[in-house]
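This is what each chain is made of:
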Amino acid sequence: MKKRLSAMTTVALLILTPSLSTAGESDTCKGCHNGSVAPSVDTLKGKFKTVDELVAGAKNSQNPMMKPIQADEAKLKAAAAEILK
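What counts, and at which threshold
- Residues numbered from 1 in each chain as written.
- Predicted model: local features only at pLDDT ≥ 70, side-chain atom pairs only at ≥ 80, totals over all residues.
- Heavy atoms only, no water.
- Helix = DSSP H or I, 4+ residues; strand = E, 2+ residues; numbered from the N terminus.
- Expected span 1.5 Å × (residues − 1).
- Buried < 20%, exposed > 50% of the residue type's maximum accessible area, 1.4 Å probe, protein only.
- Arc of directions from axis to C-beta.
- Contact = heavy atoms within 4.5 Å.
- Axes fitted to C-alpha atoms, helices over the stretch in contact; angles between N-to-C directions.
- Parallel < 35°, antiparallel > 145°, perpendicular 65-115°, else oblique.
- Left-handed = near helix turned anticlockwise from the far one by under 90°.
- Nonpolar A, V, L, I, M, F, W, Y, C, P; charged D, E, K, R; others polar.
- Core = buried A, V, L, I, M, F, W, Y, C linked by side-chain atoms within 4.5 Å.
- 1 Å grid on protein atoms, 1.4 Å probe; cavity = no way out; pocket = protein on both sides within 12 Å on 5 of 7 lines; lining within 4 Å.
- Points joined across faces, edges and corners; volume = space filled by probe spheres on them.

Draft legend 1. Examining helix 6 (residues 73-84) more closely. Compared with an ideal rise of 1.5 Å per residue, which puts 12 residues at 16 Å, helix 6 spans 16 Å between its outermost C-alpha atoms and is within 8% of the ideal. Among the residues of helix 6, Leu76, Ala79, Ala80 and Ile83 are the ones counted as buried. The buried residues of helix 6 occupy an angular sector of 100° when the element is viewed end-on, so they sit on one face.

In C-alpha cells, the structure reads:
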C-alpha cells in the first residue's frame, strides 16, 4: 500500500511540475520571430520604440499566422513589454 501511495504521489508531482513553471509571454513569439519566418525580436526592438507601437504593429499585420494572437490584446501587451524591456 505504501509503495502504491508513493508511486501515485510521484506521478502526480511529475505531472504538476511543468505547470508550475511559466514561460514569458514573448517566448510564444520567438518561435516564429527568429528572422527566417518573421522579423527577429531584435528587429522588432529596433523598429518599435513603445509597447503601444509594437501592439499596433502586431494588430495591423496581414500575416495569417498572427490572427490568433491579434485577438488577445492583453497577451500582445505583455509580450511587447517583455520584448522592449
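Having seen the model, we can carry on.
Draft legend 2. Representation of the environment of Met66. With respect to the element layout, Met66 can be found in the loop between helix 4 (51-60) and helix 5 (67-70). Owing to a relative accessible area of 15%, Met66 belongs among the buried residues under this scheme. Separated by 34 residues in the primary sequence, Met66 and Cys32 place their C-alpha atoms 10.0 Å from one another. Setting aside chain neighbours within four positions, we find Met66 in contact with His33, Ala58 and Ser61.

Draft legend 3. Seen up close, the packing of helix 4 against helix 6. Following both chains from N to C, one finds helix 4 and helix 6 inclined at 125°, their axes separated by 9 Å at the closest point. Considering their axes alone, helix 4 and helix 6 lie oblique with respect to each other. Remark: the crossing between helix 4 and helix 6 carries right-handed chirality. Here Val51, Asp52, Leu54, Val55, Ala58 and Lys59 of helix 4 come into contact with helix 6, specifically with Glu73, Leu76, Lys77, Ala80, Ala81, Ile83 and Leu84. Residue composition of the contact of helix 4 with helix 6, grouped by class: 9 nonpolar, no polar and 4 charged.

Draft legend 4. Highlighting the nonpolar core. Core analysis: the largest hydrophobic core is formed by 10 residues, namely Val41, Leu44, Phe48, Leu54, Val55, Ala58, Met66, Leu76, Ala80 and Ile83. Residue assignment for this core shows that the elements contributing at least two residues are helix 3 (41-47), helix 4 and helix 6. Sequence-distant contacts of Ala80, that is, excluding residues within four places in its chain, are made with Val51, Leu54 and Val55.

Draft legend 5. Structural detail: the layout of surface pockets. Estimates place the volume of the largest pocket at around 530 Å³. Lining the largest pocket are 26 residues, and of these His33, Ala38, Leu44, Ala58 and Met66 lie nearest its centre. Those elements that provide at least two residues to the lining of the largest pocket are helix 2 (25-30), helix 3, helix 4 and helix 6. The element that contributes the greatest number of residues to the lining of the largest pocket is helix 6, accounting for 5 residues. When the residues that make up the lining of the largest pocket are grouped by side-chain class, the tally is 17 nonpolar, 6 polar and 3 charged.

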